[in-house]
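Geometric and topological summary
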Amino acid sequence: MHGPGDATPVAIAGVEVGEVSAPWLARALEAPTPFSLDRGALALDPSLADVAARTDALARWAAHARRRWDLPGWRDEAIAIRSPDGVPLAAIERALLRPFGLELRSVQACAWTAGAGGPLIWVARRAWSKPVDPGRLDAAVGGGIAGLDDALATLLRECREEAGLDEAIARGARPAGSLELRYATDFDGLPALHREHVTLYELELPPGCVPVPADGEHESIEPMTPAEALASIDAGGWTREGAQATLDLILRRGWMPAPGAAPR
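None of these values were measured; they are calculated from a predicted model.

How each quantity is defined
- Residues numbered from 1 in each chain as written.
- Predicted model: local features only at pLDDT ≥ 70, side-chain atom pairs only at ≥ 80, totals over all residues.
- Heavy atoms only, no water.
- Helix = DSSP H or I, 4+ residues; strand = E, 2+ residues; numbered from the N terminus.
- Expected span 1.5 Å × (residues − 1).
- Buried < 20%, exposed > 50% of the residue type's maximum accessible area, 1.4 Å probe, protein only.
- Arc of directions from axis to C-beta.
- Contact = heavy atoms within 4.5 Å.
- Polar contact = N/O pair within 3.5 Å; in protein donor to acceptor, adjacent residues only side chain to side chain.
- Pairing = 2+ DSSP bridges.
- Axes fitted to C-alpha atoms, helices over the stretch in contact; angles between N-to-C directions.
- Left-handed = near helix turned anticlockwise from the far one by under 90°.
- Nonpolar A, V, L, I, M, F, W, Y, C, P; charged D, E, K, R; others polar.
- Salt bridge = Lys/Arg side-chain N within 4 Å of Asp/Glu carboxyl O.
- Phe/Tyr/Trp six-rings, centres within 6.5 Å; stacked < 30°, edge-to-face > 60°.
- Lys NZ or Arg CZ within 6 Å of the ring centre and 35° of its normal.

Bringing helix α2 (residues 51–69) into the picture now. Its 19 residues give α2 an end-to-end C-alpha distance of 26 Å, which sits within 8% of 27 Å, the value for a rise of 1.5 Å per residue. Those residues of α2 not exposed but buried are R54, A57, L58, W61, A62, H64, A65 and W69. Buried residues in α2, looked at end-on, bunch into an arc of 165 degrees, giving them a common side. Exposed residues lying more than 90 degrees from the buried face of α2 are A52, R60 and R67. Contacts made by the buried residues of α2 are with β1 (8–12), α1 (22–28), β3 (35–38), β4 (41–44), β5 (78–82) and β6 (88–93). One side-chain oxygen at the N-terminal end of α2 lies 3.3 Å from the backbone nitrogen of A52; it belongs to D50. Just downstream of α2, D70 is the residue with a positive phi angle, here 50 degrees.

Strand pairing in a sheet is mediated by backbone hydrogen bonds. Such pairs are either parallel or antiparallel. Taken in spatial order, the 4 strands of this open sheet run β2-β1-β4-β3, and their pairing is mixed. Lying at the two open borders of the sheet, with one neighbouring strand each, are β2 (15–20) and β3. The mean inter-strand angle of the sheet, taken between neighbouring strand axes irrespective of direction, is 35 degrees. The sheet contact formed by β1 and β4 spans 2 bridges and is parallel. Pairing of A11 across the sheet is with A43, part of β4.

The subject of this paragraph is the pairing of strand β11 (residues 174–187). Relative to strand β12 (residues 190–204), β11 runs antiparallel, the two sharing 12 bridges. Along β12, the bridge assignment pairs A184 with L193. In textbook terms, the turn of a hairpin is the stretch between consecutive antiparallel strands, and for β11 and β12 this stretch comprises 2 residues, one of which, D188, has a positive phi near 55 degrees.

Time to look at the packing of helix α5 (residues 226–235) against helix α6 (residues 240–253). One way to put it is that α5 packs onto α6 with a least axis distance of 11 Å and a crossing angle of 145 degrees. Note that α5 runs across α6; the crossing there is left-handed. Of α6, the residues touching α5 (which contributes P226, A229, L230 and I233) are A243, T246, L247 and I250. Looking at the contact of α5 with α6, its residues break down into 7 nonpolar, 1 polar and no charged.

Here we come to the pattern of salt bridges. Scanning all chains against the criterion turns up 16 salt bridges. Between E19 and R182 there is a salt bridge, with its nearest N and O atoms 3.2 Å apart. Of this pair, E19 sits in strand β2 while R182 is found in strand β11, placing the two residues 163 residues apart along the sequence. The exposure class of R182 is partly exposed, given its relative accessible area of 41%. Each of D149, R157 and E158 takes part in salt bridges that share partners, so that together they form one network.

Attention now moves to the environment of L29. You can see L29 is positioned in the loop between α1 and β3. As a C-alpha pair, L29 and L42 span 13 residues in sequence and 8.4 Å in three-dimensional space. Contacts of L29, omitting those with residues within four sequence positions, involve F35, S36, L37 and L42.

As a further point, take unusual backbone geometry. For the bond running from A31 to P32, omega is -5 degrees, close enough to zero to count as cis. The backbone of A13 sits at a positive phi, close to 55 degrees, despite the residue not being glycine. Counting through the fold element by element, A13 comes out in the loop between β1 and β2. Despite not being glycine, D188 has its phi angle at roughly 55 degrees, a positive value. The exposure class of D188 is partly exposed, given its relative accessible area of 28%.

Turning our attention to the environment of L25. Along the polypeptide, L25 turns up in helix α1. Between the C-alpha atom of L25 and that of D6, which follows or precedes it by 19 residues, the distance is 9.9 Å. Ignoring sequence-local partners within four residues, the contact set of L25 consists of T8, V20, L37 and L42.

Tallying each qualifying case throughout the model produces 5 aromatic pairs. Between the aromatic rings of W112 and W255, the centroid separation amounts to 5.0 Å while the plane-to-plane angle is 75 degrees, which identifies the pairing as edge-to-face. Residue W112 is located in strand β7 (residues 103–115), and its partner W255 is located in the segment after α6; the two are separated by 143 residues in the primary sequence. By relative accessible area, which is 16% here, W255 ends up buried. Connected via pairs of aromatic rings, a cluster forms that spans F35, W61 and F100. If you follow R27 out to its NZ or CZ, it ends over the ring of W24, 4.7 Å from the centre.

Listed below in C-alpha cells is the structure:
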C-alpha cells in the first residue's frame, strides 16, 4: 500500500490501512494525539483494544483537528475502517478518509430506461454545494457505505434519498461488478490520497418511472442516449467513478454506437 515520495503507512491494531503525506503526518502527531510513530508507520495507540475504544479515540482527535484547522467538508458521518479482509477495526469521520489515505466503500447504480428509440441512461449532475466533485456529471445514484451498513442497504437508501426511487423499484438493481480507485488529491490544501472500492449496480427503470433529485445531493437527473453519454465523457466534467460505471454499462449492454455515428 505504500505510496510515492514521503508517504507514511497508517496502522490500526497492527494492520496497515492507509497512508499519510508528510504534512498530515505532522498534524496527526500534534498533541493531544492517539498516534505515534512505530517501526516507520503512523500507529494508533495499541492499548486501544476494541472497535469502540479506537473509534472514540479517533473521534476525540477529529474534534481537536477540526477546532485547530477548521477542516472543510465535515459530514458528521462515521465510516468504518476495515482490514483488507473486511474486519471492522474502527470508525472515523468521513472527511478524514483522504488525509489518512483510508478506503471509502461505496455503491453506485447506473439507471436506464428502455425507450422507443433505444435505451436512455439517467445522468445526474452533482450539487454545487458538494464538498467533492461539485457540479460534475455522475451516475444517477451513489453514496458511501456508512457505519456497518452493507452495499445493498446503502443502495436502497441512496435510491430513495437521491433519486426518489422507492424500495420496490430499487430492489430490481442488478450487481454489475466493482471499481477500485486510487489517486493523489489534496485536502485542506495538503497532499492526500483518495482510495475507494465501488460496488456497481445497474437498474432498469419501468416505463414512466422518472428519477428526481430528492435530497439536494443532485442539481438534476436527465436522460442521455448512450452516444450522448459517451460524448460527454469524452468532453470531461464527470466524476471518475461515474464515467467508468457509465462506460461499463454501455459496453456490457452492447450500446456502443457505430463508428462515425453522431450523438443524438
